[in-house]
Amino acid sequence: ELKVEQNPLFLSMQEGKNYTIYCNYSTTSDRLYWYRQDPGKSLESLFVLLSNGAVKQEGRLMASLDTKARLSTLHITAAVHDLSATYFCAVENWYSGAGSYQLTFGKGTKLSVIP
Amino acid sequence: DGGITQSPKYLFRKEGQNVTLSCEQNLNHDAMYWYRQDPGQGLRLIYYSQIVNDFQKGDIAEGYSVSREKKESFPLTVTSAQKNPTAFYLCASSILYGAYNEQFFGPGTRLTVL
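The structure contained in this document is the topic of the report that follows.

What counts, and where the lines are drawn
Residues numbered from 1 in each chain as written. Chains lettered and ligands numbered in written order. Predicted model: local features only at pLDDT ≥ 70, side-chain atom pairs only at ≥ 80, totals over all residues. Heavy atoms only, no water. 1 Å grid on protein atoms, 1.4 Å probe; cavity = no way out; pocket = protein on both sides within 12 Å on 5 of 7 lines; lining within 4 Å. Points joined across faces, edges and corners; volume = space filled by probe spheres on them. Nonpolar A, V, L, I, M, F, W, Y, C, P; charged D, E, K, R; others polar. Pairing = 2+ DSSP bridges. Helix = DSSP H or I, 4+ residues; strand = E, 2+ residues; numbered from the N terminus. Axes fitted to C-alpha atoms, helices over the stretch in contact; angles between N-to-C directions. Core = buried A, V, L, I, M, F, W, Y, C linked by side-chain atoms within 4.5 Å. Buried < 20%, exposed > 50% of the residue type's maximum accessible area, 1.4 Å probe, protein only. Contact = heavy atoms within 4.5 Å. Phe/Tyr/Trp six-rings, centres within 6.5 Å; stacked < 30°, edge-to-face > 60°. Lys NZ or Arg CZ within 6 Å of the ring centre and 35° of its normal.

## Observations concerning empty space enclosed by the protein
The method is simple in principle: a probe with the dimensions of a water molecule rolls over the atoms, and the space it marks as empty is what remains. With the rule as written, the count across this model stands at one cavity of 30 Å³ or more. Taken as a whole, the largest cavity spans an internal volume of roughly 30 Å³. Counted by class, the lining of the largest cavity contains four nonpolar, three polar and no charged residues.

## Some thoughts on the pairing of strand E11 (residues 109-113) of chain B
On a regular strand, one side chain projects to one face of the sheet and the next to the other, so that they alternate. Residue and element names in this part refer to chain B. Summarising the sheet, strand E2 (residues 10-13) and E11 pair through four bridges and their orientation is parallel. In the sheet register, Tyr-10 faces E11, and the bridge partner there is Arg-110. Sheet analysis places strand E9 (residues 87-94) next to E11, joined by three bridges and oriented antiparallel. For Phe-88, the partnering residue across the bridge sits in E11 and is Arg-110.

## A look at the sheet that holds strand E7 (residues 61-66) of chain A
All names here are of chain A. Strand order in this open sheet of five strands is E1-E3-E8-E7-E6, and the pairing throughout is antiparallel. At either end of the open sheet lies a strand with only one pairing partner, and these are strand E1 (4-7) and strand E6 (55-58). Between one strand and the next, the sheet's axes are offset by a mean angle of 15°, whatever the strand orientation.

## With respect to the nonpolar core
A general tendency of soluble globular proteins is for nonpolar side chains to be buried together. By size, the foremost hydrophobic cluster in this structure holds 25 residues, and its most contacted members are A:Leu32, A:Trp34, A:Leu74, A:Ile76, A:Tyr87 and A:Leu111. Contributing elements (two or more residues each) for this core: strand E2 (10-14), strand E3 (19-25), strand E4 (31-37), strand E5 (43-49), E7, strand E8 (71-76), strand E9 (85-95) and strand E11 (109-114) of chain A. Looking at this core, the element that brings in the most residues is E9(A), giving four residues. Apart from residues no more than four positions distant in its own chain, A:Leu111 is found in contact with A:Leu11, A:Met13, A:Ile76, A:Leu83, A:Ser84, A:Ala85 and A:Tyr87. If you look at the next biggest cluster of nonpolar residues, it comprises 20 residues, including B:Ile4, B:Val19, B:Cys23 and B:Ala87.

## Quick notes on the packing of aromatic side chains
Per the stated rule, a full pass over the model turns up 10 aromatic pairs over all chains. Judged by centre distance (5.4 Å) and plane angle (90°), the rings of A:Tyr35 and B:Phe105 are edge-to-face. Taken together, the residues span two chains, with A:Tyr35 in strand E4 and B:Phe105 in strand E10 (residues 104-105). Ring plane angle 25° and centroid distance 6.5 Å describe the contact between B:Tyr33 and B:Tyr48, whose orientation is recorded as stacked. Taken together, the residues span a long stretch of sequence, with B:Tyr33 in strand E4 (residues 31-37) and B:Tyr48 in strand E5 (residues 43-51) at a distance of 15 residues. Accessibility assignment for this pair places B:Tyr33 and B:Tyr48 in one class, buried. Among the aromatic residues, those joined into a cluster by ring pairs are A:Tyr35, A:Phe105, B:Tyr33, B:Tyr35, B:Tyr48 and B:Phe105. Sitting over the ring of A:Tyr101, A:Arg31 keeps its end group 4.7 Å from the ring centre. Its guanidinium or amino end placed over the ring of B:Phe88, B:Arg110 lies 4.5 Å from that ring's centre, counting from NZ or CZ.

Rendered as structure tokens:
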């Protein structure tokens, strides 16, 4: 059974600071997704990482994937208040019994950026 | 505009009632999914469907039922057998067997049991 662990689960940081969110997973996968969720809202896709060494950047967020270490990171640079949200990683895996790909989500990291 | 719609946004259920949550997509996606989200938790898969008239149970299907009579629609019924249905329900869709299978999410339905 695929397990996906995010840490930290809660992160309070000051504006202007840098920090990294970690996503570890337990079985081999080449595809990993990062989503953002604002309070009471749906999930918004941030990054799609499809291979070992993949790096994607959008504004102050940068995501990377190390499939050998089964680790993805979401790095926040010079945080601003607008980045306050919950961030989820999701690992895609093939389930042979079901004959389909499925996503397994981490529990999410709730980020609060304090002025 | 292509996307996924869910209705209603808020739903209140009395004990013993069945309620149905609507999910419609115009993205021409083959696969559709229902997830449940509890406070402070990740998403847990309830049911998914890859083609019309076919669907499979996810990790927490007990107390729920679905149908897939049209490609665009995947309604979820929360039955009285679901003992703790208060949660945020998210519908998603994706292509099937593409280079990758990114899931796109609807706005969600918040269900509360009175």
